[in-house]
Amino acid sequence: MPNVPMTEKNATNPTTEPAVLHESVIGWFGEHARDLPWRRPEAGAWGVMVSEFMLQQTPVSRVLPVYEQWLARWPRPADLAAEAPGEAVRAWGRLGYPRRALRLHGAALAITERHGGDVPADHGQLLSLPGIGEYTAAAVASFAYGQRHAVLDTNVRRVFARAVTGVQYPPTATTAAERRLARALLPEDEATAAEWAAASMELGALVCTAKNETCVRCPIAAQCAWRLAGKPAHEGPARRGQTYAGTDRQVRGRLLAVLREATGSVPQSALDSVWHEPVQRARALDGLVADGLVEPLENGCYRLPQS
């Protein structure tokens, strides 16, 4: 079977007709979707937005406790906007990639100042918020407001790569071809499109995983181009997992941990004690300052950002 991707006008692979995929995947989702707090009606658009920031490159199990604490403390964007950005960094804990906390704080400020404290429903207005890219804008518009948008995260891209184009993994970065395919697969009905976005994402997270996919549980295994082709191995560059031990990321995390636990500023000596290699430690600290995650003070101390 030729592995020919769909275009926006024509589905060239008869085994992966969009209507068949929609019905099967959405039906599966109705039975197997996880009960996650950001999927509940009471989460609202702000809860959805917070979850999308936290879930970037971070598993659900690590996000759940931080998410619950965050929403309990800051149930609306204005509540977060009223705090110093350093408090967002502190509350982010060990989720990793803490610049996301600053971006979420910036988005909360903009929502409060421009939109009366309510997360906008308009896709263009979402895109104009600081820290919001195409994926997050589409996800919030779809999951919070039930709109018709192509929501392309890593899980969805992997499902589409296998089921439609017949390859094991999608490209490293999202391509124009993937965006065209995602639009071609979108149901015309707005509510169904929003459900399809959530369902295809869940399928990638639970069944069509990066490793050890469980095709026997997949609702579209009979239509999957990759499976029908015999699961050909990935032909692109080797996909390497991210390392952490000994990296600048680890050093940054240790430095931030000291600052998060402190009630005020921290002397240089307290930071020096967390990592043995002075050049790497200085480079990591300089990076934190450059990213706006740490503020240097005139007395040689450091603190989380206050403005």
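My aim in this report is to walk through the structure given alongside it, one point at a time. Residue numbers restart at each chain and count upward from 1, following the sequence in its written direction. Residue-level local features of this predicted model are given only where pLDDT is at least 70; pairs of side-chain atoms are given and counted only at 80 or more, and the full residue set underlies all totals for whole chains, interfaces and linings. Values shown for side chains rest on all heavy atoms present in the structure; no hydrogens or waters enter the calculation.

A pair is scored as a salt bridge if a Lys or Arg side-chain nitrogen falls within 4 Å of a carboxyl oxygen belonging to Asp or Glu. Counted by the stated rule, this structure contains 15 salt bridges. Note that E213 is salt-bridged to K231, the shortest N-O span being 3.1 Å. Separated by 18 residues along the polypeptide, E213 in the loop between α11 (190–206) and α12 (225–228) and K231 in the loop between α12 and α13 (248–261) bring together distant segments of the chain. Since its relative accessible area comes to 32%, K231 is described here as partly exposed. Ionic contacts of the salt-bridge type, sharing partners, join the residues R73, E83, E87 and R90 into one network. Secondary structure elements are defined from DSSP: runs of H or I of at least 4 residues count as helices, runs of E of at least 2 residues count as strands, and each element is numbered from the N terminus. When a residue's accessible area, from a 1.4 Å probe over protein chains only, is under 20% of the maximum for its type it is buried; when over 50% it is exposed; and in between it is partly exposed.

On to the nonpolar core. Here the nonpolar core consists of buried residues drawn from Ala, Val, Leu, Ile, Met, Phe, Trp, Tyr and Cys, with membership extended through side-chain atoms lying within 4.5 Å. Grouped together as the largest cluster of nonpolar side chains are 52 residues, with contacts concentrated most on W46, M49, M54, W70 and L104. Residue assignment for this core shows that the elements contributing at least two residues are α2 (44–55), α3 (60–73), α4 (77–81), α5 (85–92), α6 (99–114), α8 (134–145), α13 and α15 (278–290). Residues contacting M49, with those up to four places away along its chain left out, are L104, I111, V119, L126, L129, I132 and V140. Of all hydrophobic cores here, the second largest spans 30 residues; its members include L21, V25, A199 and V207. Residues are treated as being in contact if the distance between any of their heavy atoms lies within 4.5 Å.

Locating Q56 in the fold gives a position in the loop between α2 and α3. A relative accessible area of 26% places Q56 in the partly exposed class. Placed 213 residues apart in sequence, Q56 and S269 show a C-alpha to C-alpha distance of 33 Å. When sequence neighbours within four positions are dropped, the list of residues in contact with Q56 reads R100 and T136. Among the polar contacts listed, one links the side chain of Q56 to the backbone oxygen of E52, at a separation of 3.3 Å. Definition of a polar contact: a pair of N or O atoms within 3.5 Å, with one able to donate and the other able to accept a hydrogen when the atoms are protein atoms, and with sequence-neighbouring residues admitted only if both atoms are side-chain atoms.

Turning to the side chain of Q168, a few remarks are in order. You can see Q168 is positioned in the loop between α9 (154–165) and α10 (176–185). Using a relative accessible area of 16% as the deciding quantity, one classes Q168 as buried.

On to the sheet that holds strand β2 (residues 295–296). Within the open sheet, the three strands sit side by side as β1-β3-β2. Their pairing is antiparallel. Each of the sheet's edge strands pairs with one partner strand only, and the pair in question is β1 (266–267) and β2. Two strands pair if DSSP finds at least two bridges between them.

So, on to α6. Note on helix geometry: an α-helix contains 3.6 residues per turn, so any two residues three or four positions apart are oriented the same way. Counted at 1.5 Å a residue, the expected span for α6 with its 16 residues is 22 Å, and the 22 Å between its end C-alpha atoms agrees. Residues of α6 that are buried include every one of R100, A101, L102, L104, H105, G106, A107, A108, A110 and I111, and no others. On its buried side, α6 packs onto α2, α3, α4 and α5. Note on α6: the residue one or two positions beyond its end, G116, has a positive phi of about 65 degrees. Multiplying one less than the number of residues by 1.5 Å gives the expected span of a helix.

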